[in-house]
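Results of the structural survey
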Amino acid sequence: MLPVEIKPGITWVGVNDRITELFEGLWTIRQEGVSYNSYLIRDDKTVVIDLCKSMLTGEFVTQLEDLVPLEKIDFVVVNHMEPDHTGALRTLIKKAPQVQIIGTAKTRDMLREFYGITENVRAVADGETIDLGHHTLRFVVAPFLHWPETMMTYEEKEQILFSCDAFGSYGALNGSIFDDLVDDLNWYEQEALRYYTNIVAIFPKPVRKALEKLANVPVQILAPSHGLVWRKDPKRIIDLYDRWSNLATEPADPGVTMIYASMYGNSEAVMEAVAQGVVDAGLPLKIFNISKTPMSYILPHLLTRNGVLIGAPTYEGGLFPEMAAAMRVAEGKRMYNRKAAYFGSHAWAGGAEREFRALAQELQWEVLDTFNFVGTPSREELTKAREFGRTFASKLK
Ligand code: FEO
């Protein structure tokens with residue numbers, strides 16, 4: 001995309017990434033893409049805030065050079081050291097050796113460890129400001145949003161918060177960077193939730209702390225380093241973060257995330273009946289086949305619904321491996337305190353339920369019920385499965 005003016009003197013100079021298939025090598029963005037938002041402030045001093053992944057350095061530098069001679073750049077603000085925001089740094093400072101890099105003290109250490117950069121690095125403290133002429137930047141240290149070194153940058157004149165990962169989303173920018181110019185705002189919100197659960201949800205307390213810190217900071221424009229720039233309604237995404245981070249300790253909405261696996265259709269047949277039971281009870285239901293759906297898409301539902309139904313057969317004396325792996329990912333992302341139930345088949349000996357229970361304990365899930373069957377479910381068992389689903393869902397209300 002071409003540069004986009006946000007306010008006089010403040011320009012989005014980011015790049016879309018429609019090439020990467022797995023963000024962090026883990027989280028699928030094959031269809032959605034992602035943007036690395038970078039911002040240029042031209043005042044008495046010239047500043048670039050956050051950069052991009054290394055493979056897009058050429059496009060990014062061209063973008064910058066169109067607007068400003070690189071030797072005129074005074075500062076590069078590194079809000080967050082992760083290479084999706086700093087991959088272009090070494091090339092940039094080779095072309096613009098006068099640049100002073102600004103970040104936290106931990107950023108200074110990481111710049112050395114990741115890039116061997118030790119010169120022209122200035123560590124700033126929480127609340128420290130830099131006067132650019134007509135604009136003032138204030139640095140807001142926000143550890144663990146997403147790494148321990150992370151900070152945000154607040155521009156005081158226009159009241160713009162450059163928040164880096166926080167409030168960001170997957171999804172390339174499709175023709176506009178602004179929340180008021182896209183017709184699929186709901187899609188970006190869903191992608192922000194997916195980004196939150198995949199990347200940020202492991203740190204709910206730091207998110208709460210950052211939100212408290214920002215509570216009295218007037219934000220006219222929220223400019224993260226992934227996804228939309230929120231200028232019409234920045235409060236919308238802040239409120240969503242408030243809700244999502246609270247879900248680590250507060251009850252989620254009643255509803256069922258059903259994750260299932262089936263080798264030959266038997267657990268799937270029971271899944272269909274259990275699903276009918278959940279709907280009989282009047283609860284929202286979302287069904288995922290773990291063999292087909294990456295966890296990236298399942299985590300948002302685990303976060304926002306209070307019930308989990310795990311359906312999977314016994315495999316070699318334990319839980320179907322993809323399901324066990326999924327539960328471990330859920331544990332890693334701290335999808336704690338859900339109400340859960342298990343159903344599944346076995347051929348000659350069980351074992352899936354035992355492993356499910358052990359994993360559920362680690363997840364602090366309260367197991368309300370289980371339903372085991374052997375081989376192909378009978379009509380009677382399917383009827384029982386429907387009742388199993390209805391009873392479980394009724395307890396979530
Ligand atoms: Fe967008 Fe934590 O990197």
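The structure under discussion appears in the preceding block.
In this text, all values refer to a predicted model and were calculated from it rather than measured experimentally.

Observations regarding the nonpolar core
- Grouped together as the largest cluster of nonpolar side chains are 119 residues, with contacts concentrated most on Phe 60, Phe 167 and Leu 319.
- For this core, the element with the highest residue contribution is helix H5 (residues 185–200), accounting for seven residues.
- Split by domain, the residues of this core number at least three in each of domain 1 (4–246) and domain 2 (253–396).
- Membership of the second largest hydrophobic core comes to 22 residues, among which are Met 271, Val 278, Phe 392 and Leu 396.

Structural notes on the pattern of salt bridges
- Under the counting rule described, the total for this entry stands at 19 salt bridges.
- When salt bridges with common partners are traced through the structure, they connect Glu 32, Glu 191 and Arg 194 into a single cluster.

Details of the environment of Arg 112
- Residue placement: Arg 112 occurs in helix H4 (residues 105–115).
- By relative accessible area, Arg 112 is classed as partly exposed at 43%.
- Spatially, the C-alpha atom of Arg 112 lies 52 Å from that of Met 271, the residues being 159 residues apart in sequence.
- In this structure, Arg 112 is in contact with Ile 117 and Thr 118, ignoring residues within four places of it in sequence.

Details of the packing of aromatic side chains
- Overall, the coordinates contain 17 aromatic pairs when judged by the stated rule.
- Residues Phe 144 and Phe 203 carry aromatic rings whose centres are separated by 5.0 Å and whose planes lie at 45° to one another, so their mutual orientation is tilted. Separated by 59 residues along the polypeptide, Phe 144 in the loop between strand E13 (136–141) and strand E14 (151–155) and Phe 203 in the loop between H5 and helix H6 (204–214) bring together distant segments of the chain.
- Taking the relative accessible area as the measure of exposure, Phe 144 reaches 32% and is therefore partly exposed.

The rules behind these values
Residues numbered from 1 in each chain as written. Predicted model: local features only at pLDDT ≥ 70, side-chain atom pairs only at ≥ 80, totals over all residues. Heavy atoms only, no water. Core = buried A, V, L, I, M, F, W, Y, C linked by side-chain atoms within 4.5 Å. Buried < 20%, exposed > 50% of the residue type's maximum accessible area, 1.4 Å probe, protein only. Helix = DSSP H or I, 4+ residues; strand = E, 2+ residues; numbered from the N terminus. Domains from an automatic or database assignment. Salt bridge = Lys/Arg side-chain N within 4 Å of Asp/Glu carboxyl O. Contact = heavy atoms within 4.5 Å. Phe/Tyr/Trp six-rings, centres within 6.5 Å; stacked < 30°, edge-to-face > 60°.

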